[in-house]
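Coordinate inspection notes
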Amino acid sequence: MKMPENSSLLIEAAQVSAAYDGLAARLAGELPPGEVLMLPVMNGGMFPALEIARRLKRPQRFDYVHATRYRGATRGDVLSWLHWPELPEGSMTVLLIDDIFDEGYTLQAIRNRLPERFEVLTVVLARKQHARGLARDWVDFVGLDLPDEYVFGCGMDYEENFRELDAIWTLNAPH
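If you're wondering where the values come from, they're calculated on a predicted model, not measured in any experiment.

**Thoughts on the pattern of salt bridges**
Close approach of charged atoms allows side chains with opposite charge to pair. In the structure shown here, the tally under the stated rule is eleven salt bridges. Across the pair E51 and R54 runs a salt bridge whose closest N-O atoms are separated by 3.7 Å. Taken together, the positions of E51 and R54, both in helix α2 (residues 46-55) and three residues apart, correspond to about one turn of that helix. Residue class for E51 comes out partly exposed when judged on its relative accessible area of 26%. Residues R55 and E51 are paired through a salt bridge, measuring 2.8 Å at the closest nitrogen-oxygen approach. Of this pair, R55 and E51 both sit in helix α2, four residues apart, which is roughly one turn of the helix. What makes R55 partly exposed here is its relative accessible area of 24%. One continuous salt-bridge network, built from bridges that share partners, spans D102, E103, K128, R132 and D148.

Right, dumping it as C-alpha cells:
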C-alpha cells in the first residue's frame, strides 16, 4: 500500500495493541457487573470498539452513532447527525467509543444527547495534546496521548482512507 507523501510512522502497531490491552484492563476493573452497550462513533470509532470488545470478557450489546463534523475534510465544521441508535429500555452502562479526542465537540454532543438513565463512559484510543476545543481531562478512558499533528490509522482517516492501519501515522507537511 502506498502511504501518503510526507507521512511517517508515529506509534507502532505493538504500542497501539498495548494501549488497547491497557484500556480493556482498566475497563474490566472499573465497569459494574453485567452487560454493557458498546456504542462506537462512526466511522473511526468502530476500530477501537472492536479491539476493546475482543479484550473485554463480558456480555456486550452493539449499536452505533454516526455524527460528524469532518465528512472527509481535515478540519471540523457543523455537526451532522447521520444515525442515532435504538437505545434499550432501562438503565445500563454505555461505552461511548471514538478513535480520537481532538477538540471534543462531537463526543460531547453525543454524550449530552444520551438519556440520563445510562451510565455513560467515554473511551478514546487517542487524545491530541493542544489547547483548542474542550478541556482534555473529561474523557474517562484514554489509550494514548498524541502530539498536535494530523494523524491517521487505527480508525482515523486521511482523505477517507487508511483507517484500517494497525499503527498511527502522521503527515509531516501542512494539511
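Read on, since the account is not over.
**Some remarks on the sheet that holds strand β10 (residues 168-171)**
Strand order in the open sheet formed by three strands is β1-β10-β9, with antiparallel pairing between adjacent strands. Looking at the sheet topology across the chains shown, the edges are occupied by β1 (7-11) and β9 (151-152). Two elements, β1 and β10, share four bridges in a ladder whose sense is antiparallel. Paired with I11 across the two strands is I168, which belongs to β10.

**Structural notes on helix α3 (residues 105-113)**
Residues of α3 that are buried: T106, L107 and I110. Angular distribution of buried residues about the axis of α3 spans 95°; they occupy a single face of the element. Looking at the packing, one finds that the buried side of α3 touches β4 (66-68), β5 (80-83), β6 (93-101) and β7 (119-128).

**Details of the packing of aromatic side chains**
In total, this model carries five aromatic pairs according to the counting rule given. Aromatic side chains Y150 and Y158 sit 5.9 Å apart centroid to centroid with 75° between the ring planes, which places their arrangement in the edge-to-face category. Site record: aromatic cluster; members linked through ring pairs are Y150, F152, Y158 and F162. Sitting above the plane of the W81 ring, R113 keeps its charged end 4.5 Å from the centroid. The residue whose ring lies beneath R113 is W84, and the NZ or CZ to ring-centre distance is 4.2 Å.

About the thresholds
- Here the residue index of a chain counts from 1 through its sequence in written order.
- Owing to the predicted nature of the model, reporting of local features is limited to residues with pLDDT of at least 70; listing and counting of side-chain atom pairs is limited to 80 or more, with chain, interface and lining totals taken over all residues.
- Only hydrogens and water are set aside when side-chain values are computed; all heavy atoms of the structure are taken into account.
- Salt bridge criterion: a side-chain nitrogen from Lys or Arg within 4 Å of a carboxyl oxygen from Asp or Glu.
- Working definition: helices are DSSP H or I runs of at least four residues, strands are E runs of at least two. Numbering for both runs from the N terminus.
- To sort residues, take the accessible area from a 1.4 Å probe on protein chains only and compare it with the maximum for the residue type: under 20% means buried, over 50% means exposed, and anything in between is partly exposed.
- Whether two strands pair depends on DSSP finding at least two bridges between them.
- In this description, the arc belongs to the directions extending from the helix axis to the C-beta atoms.
- A contact between two residues is defined here by any heavy atoms of the two lying within 4.5 Å.
- Put simply, two rings from Phe, Tyr or Trp (the six-membered ring, in Trp's case) pair if the centres are within 6.5 Å, and we call them stacked under 30 degrees between planes, edge-to-face over 60, tilted for the rest.
- Criterion for a charge above a ring: Lys NZ or Arg CZ within 6 Å of the ring centre, and within 35 degrees of the ring normal.

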